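Structural overview for review
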Amino acid sequence: TKKNFITGKFQRARDMMNELTSKVETHTASKLFDGTIKQNYLDNSLRGGMPVILGELDDEARSSNADEDSRLKVYHVFSRIHGDLERDYNDFNIDPTYFSQGPGNYRDVAQNRRNDVVFSPRIGSFVVKQFLSFIQADGYEPLTVQAYAYQIENHNEASRVASLISSEESTPTVIAILSGGIFRPGQLFSLFDELDVTLTVSKQRAIDEIMAIATESPMALYGSGYWADHWEYYLDLIEAYTSIYPDGEESLMYDTELRYFFSTATVKPRSQKYVEDYTFDGKSKHILQLDATVFDTDKVKEQEAFRNVTTGLVANEANWQRTGGPGNGRAFTSPAITKLFLLGVMKFSMRDAYGMGVEYEGGRPGWNDAMNGLAGMVGSGMPETFELSELLKYVLSVVKKFQRPLVVPSELADMVDTVNDALDELLASGYEDSEELTHDVPKELFKYWDTVASAREDYRNEVQYYFSGDTVEIAAEDAIDMLTKWFDQVQLGVARSMKIGSKGIDDDGTSGLPPSYFSYNITKWKRTNGKNDKGLPLVNAEAMAVGVFPLFLEAPTRYMKLIVDDQDKMVDMYDKVLNSGLRDDQLKMYFLSADLTGQSYDMGRMMAFAAGWLENQSIWMHMSYKYYLQLIRGKLYDQFYSEMRGGGMLPFMDPKVYGRSLMECSSFIASSAFLDPSVVGRGFLARLSGSTAEFLSIWRLMFIGPNPYVMNDDGDVEMQLIPALPMWLFEDKETAGGEGKRDEDGNLVVSYKLFASIMVTYHNTLGTDLFEVEPTSYIVTMTDGSTVEVEGSKIPTETAVKIRKLLGVETIDVYF
């Protein structure tokens, strides 16, 4: 090789890493912590992607966000599936082009893009709109998120730009490329190279000119099965957006029309997936829920109507549900709030027969796919119910705040009427829960469940291929009334689940912790005279009994969202988790699950793993980080930082035990339940984990606060920075190298990059922990050297907006 070639490449790689991670540059008394946030940001970007803004042609574009200027396009680079060489079943798939990006799993990308708007506020509501677009008419989502695709529909504009960016000889070729259908940025440059196109401007200018006139479309693939948790990450995206753009919430919710993704799979009704089969010992029979979805050949035919006979390619329009017949009509759209309402209706109708967990009726469980047998056990999950509670609460708050009607598909309105009638009938029956609940589902609740499930199936049948295009307007007052009733019913179900409880080793169900999962044994059934593909009889359920499982960390983690504003309840829940079978006392961490000894192998493949390994009672880093995030969200600062520094989080683990870099997340840590003591505490399957998304959310709450932008009494936006920083991040006298930095007045300081570009310095004049302490003043220094001095806890509108738009702001000094 050429002399110094390898050395040069190594240096370039290091410079690139430093450049990318400089966006979260952090300076505290803990150098390891400062490095860990950089590594987490980098790994998070490699799984979720790093947003770049294209189409910046002039000062107007550069001073706008992507919602304000249609020329601006947001594109995520580097994103790919999360596996690595230790997870060889997850193939890397990333284009070897400029602006390279590969496909990713839905939940991964949704979580890892959670804080994009916090680091890059100019992307606006892009991520929220992307994922809400993927909500289908049936309440599910596809499995794989692909890179955005673009198209130039105006031939004259394509000709204009082609002549602007390329030589006279190359212009016809560029026109053909730009007018030839959908494309991605990297593909354009590959074609330019292959066809010897001569550009007369820089590559950056060329792509900006092209993207400014292009229309964009999110892309996805159905994949396999409908996962129960994909929708659970939407509120995180919305919360992040509204923390930066509280003034954009109404427009996002009501004035943003979104399409419905059209997958090639259909969820079967119960009569086609409840199957009679022998139990494992062959001595009796039971009912399983099998093959819950079917590959729908009629949906494939609908998509075939959009195949171009010349190119052989199926047009992008085939991916969106339409009105009318095959190949006709328009892509049906609804406001964002309607799509959230639809989700609420569907998940509310999917509550199990006892009204507790949300059923896994799509054939797949939540994120914990090692419980892949739970759907077959007619299972349901409380984590989904806790998220349903939050979803209904949010939709209710939006309708109350803006007092605007909901415009919903007429088919959904019919289903809503049936659900409300069934609920009225249940309430009129006089049914009330007894102090102690039997595991047999009461007849009144079973009847309600059966009626609502049938309404859901009828609705799905109506919209299986098309919407009629008709809509119904639900007045704000009526929406508030029904949403309130649904929310109350969900709370009854939560209380019910606490009574039914969990059961496992040293767990008699009285721990006071919420259970995660239930199964349902269909105790009475009637054959339909039909059979499934394996020749097994199909049945309709006539009675059920609920089954219970040991504790899992996910339930109390998500339950904390419901009690986050009640300090006493948060402390009580924390103490109960700490003293439960979910605590690994040896490692001072938390098990993913309690002891699973004696559980049925019907649960799924997790039962094939040794205790302490993979999803069987290991320390699952992502779920543990989710739990820690809830602690700091709930303002349990002492408990949170005790867990962090006590070895529960990186970089404060023992490196000799962890066995990896203290800045690198693992998939799981072998817990003390594992039989080989030499392995206990070691991290395995280093990967692009969702832990990084949780760590970034934790960093955001530590340094920026939950709501950096708020609305004042006049309806204008203002800025506030309210960190949650312990004194030891300013100065740690007990740790070597923990000396703090001081300002010219002798005050301890920490600093960090805000919005990936503005250096913020906190001056701790109090010399104490900064937990919910409001600033007394700010000094905002502009790039031209001028300063804006602010007295008080909030930065006024004009300067706040400049900071959000990154307009000429150099640094911010904040005094406490």
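So, here's what we can say about the structure. Here the residue numbers are simple positions, counted from 1 along each chain's written sequence. Per-residue local features are limited, in this predicted model, to residues with pLDDT of at least 70; the limit for side-chain atom pairs, both in listing and counting, is 80 or more; totals at the level of whole chains, interfaces and linings are taken over all residues. With hydrogens and water stripped out, all remaining heavy atoms of the structure feed into the side-chain values.

What follows is about the overall build of the protein. Helix numbers and strand numbers start at the N terminus; a helix is a DSSP run of H or I with at least 4 residues, a strand a run of E with at least 2. Of the regular secondary structure elements, the protein holds 25 helices and 35 strands. Judged by the C-alpha coordinates and their principal axes, the protein covers about 80 × 70 × 65 Å. A simple rule labels every residue: compare its accessible area, found with a 1.4 Å probe on the protein chains alone, to the largest value its type can have, and call it buried under 20%, exposed over 50%, or partly exposed in between. Residue burial in the protein is summarised as follows: out of 816 residues, 59% are buried. With the model as given, the accessible surface of the protein reaches about 32500 Å², and the carbon-plus-sulfur share is 49%. Method for areas: the Shrake-Rupley scheme with a 1.4 Å probe, in which residue coverage is limited to the protein chains shown.

Further remarks concern the side chain of Ser497. Counting through the fold element by element, Ser497 comes out in helix α18 (residues 476-500). Overall, Ser497 belongs to the buried group, its relative accessible area being 0%. Setting aside residues no more than four positions away along its own chain, Ser497 makes contact with Met356, Met382, Pro515 and Phe518. In what follows, residue pairs with any heavy atoms lying within 4.5 Å of each other are defined as contacts.

We now examine the nonpolar core. Phe341, Trp486, Met544, Met702 and Ile803 are the most contacted members of the largest nonpolar core, which has 248 residues in total. Here this core takes eleven residues from helix α15 (residues 382-402), the largest share from any one element. Setting aside anything within four residues of it in sequence, one finds Met702 in contact with Phe33, Ile632, Phe640, Tyr641, Met644, Pro723, Ala724, Leu725 and Leu729. Put simply, a nonpolar core is a bunch of buried Ala, Val, Leu, Ile, Met, Phe, Trp, Tyr and Cys residues held in one set by side-chain atoms that sit within 4.5 Å of each other.

Close approach of charged atoms allows side chains with opposite charge to pair. Any carboxyl oxygen of Asp or Glu within 4 Å of a side-chain nitrogen of Lys or Arg constitutes a salt bridge here. Counting across every chain of the model gives 45 salt bridges. With its nearest N and O atoms 2.8 Å apart, the salt bridge here joins Glu387 to Lys561. Of the two residues, Glu387 is situated in helix α15 and Lys561 in the loop between α19 (554-559) and α20 (567-578); the sequence distance between them amounts to 174 residues. Lys561 matches Glu387 in its accessibility class, with the two residues each being buried.

Now for the pairing of strand β30 (residues 748-754). Of all seven residues that make up β30, seven are buried, and the element is covered over most of its length. The two faces of β30 match: Leu748, Val750, Tyr752 and Leu754 on one face and Val749, Ser751 and Lys753 on the other face are all buried. Whether two strands pair comes down to DSSP finding at least two bridges between them. Counted along the chain from strand β29 (residues 741-742) to the antiparallel partner β30, the turn is five residues long, and its residue Gly746 has a positive phi close to 90°. As paired elements, β30 and strand β31 (residues 758-764) share seven bridges and run antiparallel to each other.

With that settled, the discussion passes to the side chain of Lys347. With respect to the helices and strands, Lys347 occurs in helix α14 (residues 336-349). When charges are tallied, Lys and Arg are placed among the positive residues and Asp and Glu among the negative ones, while His and the ends of the chain are skipped. Look at Lys347: it is buried, it has no salt bridge, and the nearest opposite charge is Glu141 at 5.6 Å. Discounting residues that sit within four places of it in the chain, Lys347 has contacts with Gly139, Tyr140, Trp231, Val358 and Leu388.

Running from N to C, helix α2 (residues 31-48) and helix α24 (residues 691-703) point in directions that differ by 130°, and their axes come no closer than 9 Å. Between α2 and α24, the angle falls in the class oblique. Pair α2 / α24 crosses with left-handed handedness. In contact with Phe33, Thr36, Ile37, Asn40, Tyr41, Asp43 and Asn44 of α2, α24 contributes Ser691, Thr692, Ala693, Phe695, Leu696, Trp699, Met702 and Phe703. Classes in brief: Ala, Val, Leu, Ile, Met, Phe, Trp, Tyr, Cys and Pro nonpolar; Asp, Glu, Lys and Arg charged; the others, Gly included, polar. Tallied by class, the residues present in the contact of α2 with α24 amount to nine nonpolar, five polar and one charged. Lines fitted to C-alpha atoms define the axes here, with helix axes fitted over just the stretch in contact, and angles between the N-to-C directions of these axes take values from 0 to 180 degrees. Any angle that is under 35 degrees is reported as roughly parallel, and any over 145 degrees as roughly antiparallel; angles of 65 to 115 degrees are reported as roughly perpendicular and all others as oblique. Definitions for this section: a left-handed crossing has its near helix turned counterclockwise from the far helix by less than a right angle. A right-handed crossing has that turn clockwise.

Before going further, it helps to spend a moment on the sheet that holds strand β5 (residues 144-151). Strand order in the open sheet formed by three strands is β4-β5-β6, with antiparallel pairing between adjacent strands. The sheet is open, and its two edges are formed by β4 (104-105) and β6 (215-221), each paired on a single side. Judged from the two bridges that link them, β4 and β5 form a sheet pairing that is antiparallel. The residue bridging Gly104 from the neighbouring strand is Val145, located in β5. Contacts from helix α6 (residues 126-133) reach β5 and β6, with the element oriented near 110° to β5.

Alignment of strand β19 (residues 517-531) against strand β20 (residues 537-548), held across ten bridges, turns out to be antiparallel. What sits directly across from Lys526, in β20, is Asn540.

On to the environment of Ile213, then. Among the structural elements, Ile213 can be located in helix α10 (residues 203-213). Contact partners of Ile213, with chain neighbours within four places excluded, come to Ile152, Glu157, Ala158, Arg160 and Val161.

Our focus in this paragraph is the packing of aromatic side chains. Only rings of Phe, Tyr and Trp enter the pairing, Trp through its six-membered ring, and a pair is recorded when the two centres are within 6.5 Å. The plane angle decides the type: under 30 degrees is stacked, over 60 is edge-to-face, the rest tilted. In the structure shown here, the tally under the stated rule is 51 aromatic pairs. Measuring from ring centre to ring centre gives 5.3 Å for Tyr241 and Tyr245, while their planes differ by 20°; the resulting arrangement is stacked. For the pair formed by Tyr241 and Tyr245, the shared burial category is buried. With centroids separated by 6.2 Å and ring planes inclined at 10°, the aromatic side chains of Trp620 and Phe668 adopt a geometry described as stacked. Residue Trp620 is found in strand β23 (residues 619-620), and its partner Phe668 is found in strand β24 (residues 666-669); the two are separated by 48 residues along the sequence. Each member of the pair, Trp620 together with Phe668, is buried. A positively charged side chain is recorded as over a ring if its NZ (Lys) or CZ (Arg) lies within 6 Å of the ring centre. The angle to the ring normal must also be within 35 degrees. Positioned over the ring face of Trp449 is Arg270, at 5.0 Å from the centre of the ring. The ring of Trp728 carries the charged tip of Arg645 above its face, separated from the ring centre by 4.0 Å.

A helix is expected to span 1.5 Å for every residue after the first. Under the 1.5 Å per step criterion, the end-to-end length of helix α16 (residues 410-428) is 27 Å for 19 residues, consistent within 8% with the ideal 27 Å. Those residues of α16 that are buried are in contact with α14, β16 (406-409), α17 (443-462), β17 (466-467), β18 (471-474) and α18. Backbone geometry just downstream of α16 places Gly430 in the positive-phi region, at approximately 85°.

Take the environment of Pro246 next. Among the structural elements, Pro246 can be located in the loop between α11 (234-244) and α12 (249-254). Put simply, Pro246 and Asn712 are 466 residues apart on the chain and 11 Å apart in space, counted from C-alpha to C-alpha. Those residues in contact with Pro246, other than ones at most four positions away along the chain, are Tyr709, Val710, Met711, Val717 and Arg804.

Time to look at the packing of α14 against α18. Running from amino to carboxyl end, α14 crosses α18 at an angle of 40°, the nearest separation of the two axes being 12 Å. As the angle between them shows, α14 and α18 are arranged oblique. Considering only the axes of α14 and α18, their crossing is left-handed. In this structure, α14 uses Phe341, Val345 and Phe348 to contact α18, whose residues at the interface are Met482, Leu483, Trp486, Gln489 and Val490.

We now examine a negative patch on the surface. Patches here are clusters of residues that have more than 30% relative accessible area and form no salt bridge, with a 9 Å joining cutoff for like charges and a 5 Å cutoff for nonpolar side chains (Val, Leu, Ile, Met, Phe, Trp, Tyr). A charge is said to be at NZ when it belongs to Lys, at CZ for Arg, at CG for Asp and at CD for Glu. A cluster of acidic residues, Asp414, Asp417, Asp421, Asp424, Asp458 and Glu462, forms a negative patch at the surface. Breaking the negative patch down by element, the ones donating at least two residues are α16 and α17. The element contributing the most residues to the negative patch is α16, with four residues.

Geometrically, the link from Leu650 to Pro651 is a cis peptide bond, its omega value of 10° lying close to zero. Inspection of the secondary structure puts Pro651 in the loop between α22 (637-648) and α23 (655-658). Unusually for a residue other than glycine, Lys635 sits at a positive phi of about 65°. Along the chain, Lys635 turns up in the loop between α21 (621-633) and α22. In this structure, Glu772 takes a positive phi of about 60° despite not being glycine.

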